[in-house]
Amino acid sequence: MIMPNTILHYIWLNNYFCFKNAGFNLSTKYRIEYDEKEHILSGKVNSDYVDDFYTNGIDFTAVVGKNGTGKTTLLKFLMDLDYNIPQNTEYILVYECDGAMYYNTNINKYIESDSEFAIAKSIAKKNKIFARTIYSTEMFNAAQFANQLNGYDWSFAACLRRSSEESANYKLNPVTQYIHNSIKWQIDFFANGRKYIENFKISYPKCVWISLLKHDDAFVDMYAERFPNKATASKDNATNSPARLLLNNFLPDTSTDKQGLFQAKLARAMFTQIVAEANTGANKEQKSNIIELVEEITQSNNNSAWENLRSFLQSAIDNRDHKQKSYNFDGRANLEFMDYINELLRKDNKFNPYLFFGRLSIAVDSEQIDIVDLKTTISELFNNYSKTAHIFDYLSFSWGLSSGETLLLNTFSKITHLLKKNENGNYYLPDDSNSNNKADDLLLLFDEAEVAFHPEWQREYLNAMLHFIEHTIAASGTHVQMIMATHSPIILSDVPKQNTVFLHKEDDVTRAKPNDEQHETFGASIYTLFNDSFFMEEGAIGVVGAQLIRSIIDAIKNGHSQSTGVFFDTDTNLNIEKVKQYISLIGDELIQKQLLQMLLNYLPKSQRLEELKRQQANIAKTIARLEKGDEQS
């Protein structure tokens, strides 16, 4: 491992996907170049460099460019650095460690540095520059799921892949396992990260809503398999079909109080989930045993749905233990969860569970409830539940957040999940998942972090993320270098151009455009950033709008329109009112006025005179109203 406080300044790549002889400056302190022919590294101190521009202990770089220019590819190289770089790829890394400059390379040639920019060759035996590297994105990339991923990859696809690997050992549904992992991380974050949520202007959730997911059709299918002659009637959605009548009698929904209603609905959700999972793995005999046990309990008593389910589970356990009948499920965890629910619903429980139309609401506002209780109780609830759901969920946990809020929550909770706490209760990042030693350096990679965020949240995002990293990871002394690939001009307006890599692709080869050729990005207008920093040569107007404007111009100037005929009464007779109607839809006032003036200039003399007289009459009316003192005019 390289010494602490390492900053990666420069990468040169050759034959790495879309990169051919391409150099990238990733920090603001130096401007470095590599001469491939002369094998010389040269560099100079950036005259515009501002030390600790964002905050002490954090360096930040944005990577921008069109789709396909290699933003994710550049991040991928940094992820692959310790593992599987293609053999034909050549690279050079220039980094600073405790004030001294080093380079690391796999090129089998002597590389010199110019006299003004002395760089020593790294004596590191491995390519590993940073103690930890973390990659995060909420986009799903099929390639990241299909390929063997590194342990520091916390993208959505990587987490899903790890869940699938965990699921293979326990015969779980990988999607269900991923959802369960995410909820566990969210619970932990809410118990510890209130201030980070509120700094992002998200209301801390007042409760967690627990909704029920029923799988009634699974029981109908199982019933039809046992009674083929009744299959048509059983699959019928009518409530009087044999399967649904049996299910309704087994799990009656007749309670008049809220608690009994919730327990009845929960019993049905839990039972039909057991049946749904049995349909995926049980043999014919095991399925038949489930139906027979349901019929036996239904005929022998008239208990509530909650008690009937308890009898069903206990009988299945007894039958299995005494080898009388076989089932593909073990109901012990279900019984334990039912006991937990009974305890949770006690009237003197300080969490005050609230039943609302068959849903359970549990308060989680830490102003009312101790944080320790919040973490342990909600965690216990979910952990008890997760032991009973392996392939399908029958409960849905919701914090009442929007999709954007949930996306932010996922990002923060994943990072928090990687952290540990020291004896003083402060967060720190270990140098690996099995270590208690603090990481000296972190390379934190974000790929299109703004996906699904409203523009207002994009304005807040970088500030909130920097604040979060500063008060968790950097506060313990870990140096953090953040690199964020983004399509958001709003985020880029918070980033000086000296902190930005501008990727540009030409002839299928990507290189970084010199920063000196770009306008300043920090505090710049969105329109300027769209056209300059994101290389939108066709302008910042949508294609449909741009085509309509060109069509209007074409109709006015040439007396015809190739893209639409709506502007003409005949092949050549321009419909003036229709053109004006379309011009009025254009939101840019300058473009609107120019088109109206163009329309006036290109009209035949008689029509132009008529239009000018109409405008003159309107102006005269306005003057008259103003002279009468009508301010509203």
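Everything that follows concerns the structure shown earlier in this document.
Residues numbered from 1 in each chain as written. Predicted model: local features only at pLDDT ≥ 70, side-chain atom pairs only at ≥ 80, totals over all residues. Heavy atoms only, no water.

A.B. asks: What should I look at first to understand the overall build of the protein chain in this one?
C.D. replies: A tally of regular secondary structure across the protein chain gives 21 helices and 20 strands. When burial is assessed residue by residue, the protein chain has 50% of its 633 residues classed as buried. By sequence separation, contacts in the protein chain at least 24 residues apart represent 64% of the contacts at least 6 residues apart. (Helix = DSSP H or I, 4+ residues; strand = E, 2+ residues; numbered from the N terminus. Buried < 20%, exposed > 50% of the residue type's maximum accessible area, 1.4 Å probe, protein only. Contact = heavy atoms within 4.5 Å.)

A.B. asks: Can you help me understand unusual backbone geometry in this one?
C.D. replies: Peptide bonds are mostly trans, and most non-glycine residues show a negative phi. One non-glycine residue, phenylalanine 17, adopts positive backbone phi at about 55 degrees. Checked against the element boundaries, phenylalanine 17 lands in the loop between β1 (6–14) and β2 (22–25). For asparagine 21, which is not glycine, the phi torsion reads 50 degrees and is therefore positive. Position of asparagine 21 among the secondary structure elements: in the loop between β1 and β2.

A.B. asks: What exactly am I supposed to notice about a nonpolar patch on the surface here?
C.D. replies: A cluster of nonpolar side chains, Val50, Phe53 and Phe522, forms an exposed patch at the surface whose accessible area comes to about 250 Å². By secondary structure assignment, the location of phenylalanine 522 is in the loop between β20 (509–513) and α17 (526–532). (Patch = residues over 30% accessible without salt bridge, like charges linked within 9 Å, V, L, I, M, F, W, Y side chains within 5 Å. Areas by Shrake-Rupley, 256 points an atom, 1.4 Å probe, with all protein chains shown as cover. Salt bridge = Lys/Arg side-chain N within 4 Å of Asp/Glu carboxyl O.)

A.B. asks: Can you help me understand the nonpolar core in this one?
C.D. replies: In a soluble, globular protein the nonpolar side chains are often hidden away together inside. Ranked by internal contacts, the top residues of the largest apolar core, which has 107 residues, are Phe271, Phe312 and Met482. The greatest single-element share of this core, amounting to eleven residues, is contributed by helix α9 (residues 258–281). Setting aside residues no more than four positions away along its own chain, phenylalanine 271 makes contact with Phe219, Leu247, Phe250, Leu251, Ile290, Val294, Leu309 and Phe312. Phe77, Ile129, Ala485 and Val501 belong to the second-largest nonpolar core, a separate cluster that totals 30 residues. (Core = buried A, V, L, I, M, F, W, Y, C linked by side-chain atoms within 4.5 Å.)

A.B. asks: What is the right way to read helix α14 (residues 403–418) from this model?
C.D. replies: Within an α-helix, residues lying three or four positions from one another point in the same direction, as the helix has 3.6 residues per turn. Between its terminal C-alpha atoms α14 stretches 23 Å, which fits the 22 Å expected from 16 residues at 1.5 Å a residue. Most of α14 is tucked away: 13 of the 16 residues are buried. (Expected span 1.5 Å × (residues − 1).)

A.B. asks: Before we go on, may I ask you to explain the sheet that holds strand β17 (residues 441–447) in this structure?
C.D. replies: Pairing between sheet strands relies on hydrogen bonds along the backbone, with the strands arranged either parallel or antiparallel. Strand order across the open sheet formed by six strands is β10-β17-β18-β5-β19-β20, with mixed pairing between neighbours. Every interior strand has two partners, whereas the edge strands, β10 (132–136) and β20, have only one. Across the sheet, the mean angle from the axis of one strand to that of its neighbour is 20 degrees, orientation sign disregarded. Pairing of strand β19 (residues 500–506) with β20 involves five bridges; the strand directions are antiparallel. Residue lysine 505 lies in a different strand from β20, and its bridge partner there is threonine 510. The strands that helix α1 (residues 71–80) touches are β5 (58–64), β10, β17, β18 (479–485) and β19; relative to β17, the one it contacts most, it runs at about 155 degrees. Sheet strands in contact with helix α15 (residues 455–472) are β5, β17 and β18, and its direction is about 155 degrees off that of β18. (Pairing = 2+ DSSP bridges. Axes fitted to C-alpha atoms, helices over the stretch in contact; angles between N-to-C directions.)

A.B. asks: Would you mind showing me how to read the pairing of strand β3 (residues 30–35) here?
C.D. replies: On a regular strand, one side chain projects to one face of the sheet and the next to the other, so that they alternate. The sheet contact formed by β3 and strand β4 (residues 40–45) spans six bridges and is antiparallel. Note on β4: the bridge partner recorded for isoleucine 32 is glycine 43. Counted along the chain from β3 to the antiparallel partner β4, the turn is four residues long, and its residue histidine 39 has a positive phi close to 55 degrees.

A.B. asks: Looking at this structure, I do not really get the pattern of salt bridges. What am I missing?
C.D. replies: When the charged atoms of two side chains with opposite charge come close together, those side chains can pair. This model, assessed by the stated rule, comprises 14 salt bridges. Across the salt bridge formed by arginine 244 and aspartate 217, the nearest N and O atoms sit 2.9 Å from each other. Of the two residues, arginine 244 is situated in helix α8 (residues 242–250) and aspartate 217 in helix α6 (residues 216–226); the sequence distance between them amounts to 27 residues. Its relative accessible area of 46% is what places aspartate 217 among the partly exposed residues. Between aspartate 339 and arginine 310 there is a salt bridge whose closest N-O contact spans 3.0 Å. Linking aspartate 339 in helix α12 (residues 332–344) with arginine 310 in helix α11 (residues 305–321), this pair joins segments that are 29 residues apart in sequence. Assessed through its relative accessible area of 42%, aspartate 339 is described here as partly exposed.

A.B. asks: Which parts of the structure should I look at to understand the pairing of strand β6 (residues 90–97)?
C.D. replies: Where burial is concerned, most of β6 is hidden: seven out of the eight residues are buried. Where β6 folds back on strand β7 (residues 100–105), the antiparallel hairpin that results is connected by two residues, among which aspartate 98 adopts a positive phi of roughly 50 degrees.

A.B. asks: For this particular structure, what's the right way to read the packing of α9 against helix α10 (residues 284–300)?
C.D. replies: A packed helix pair is summarised by two numbers, namely the angle formed by the two axes and the spacing between the axes. α10 packs onto α9 with a crossing angle of 155 degrees between their chain directions and a minimal axis gap of 10 Å. Judged by the inter-axis angle, α9 sits roughly antiparallel to α10. Of the two elements, α9 crosses α10, and the hand of that crossing is left-handed. Contact residues: Phe271, Val275, Ala278, Asn279 and Gly281 in α9; Gln286, Lys287, Ile290 and Val294 in α10. For the contact of α9 with α10, the per-class residue count stands at five nonpolar, three polar and one charged. (Parallel < 35°, antiparallel > 145°, perpendicular 65-115°, else oblique. Left-handed = near helix turned anticlockwise from the far one by under 90°. Nonpolar A, V, L, I, M, F, W, Y, C, P; charged D, E, K, R; others polar.)

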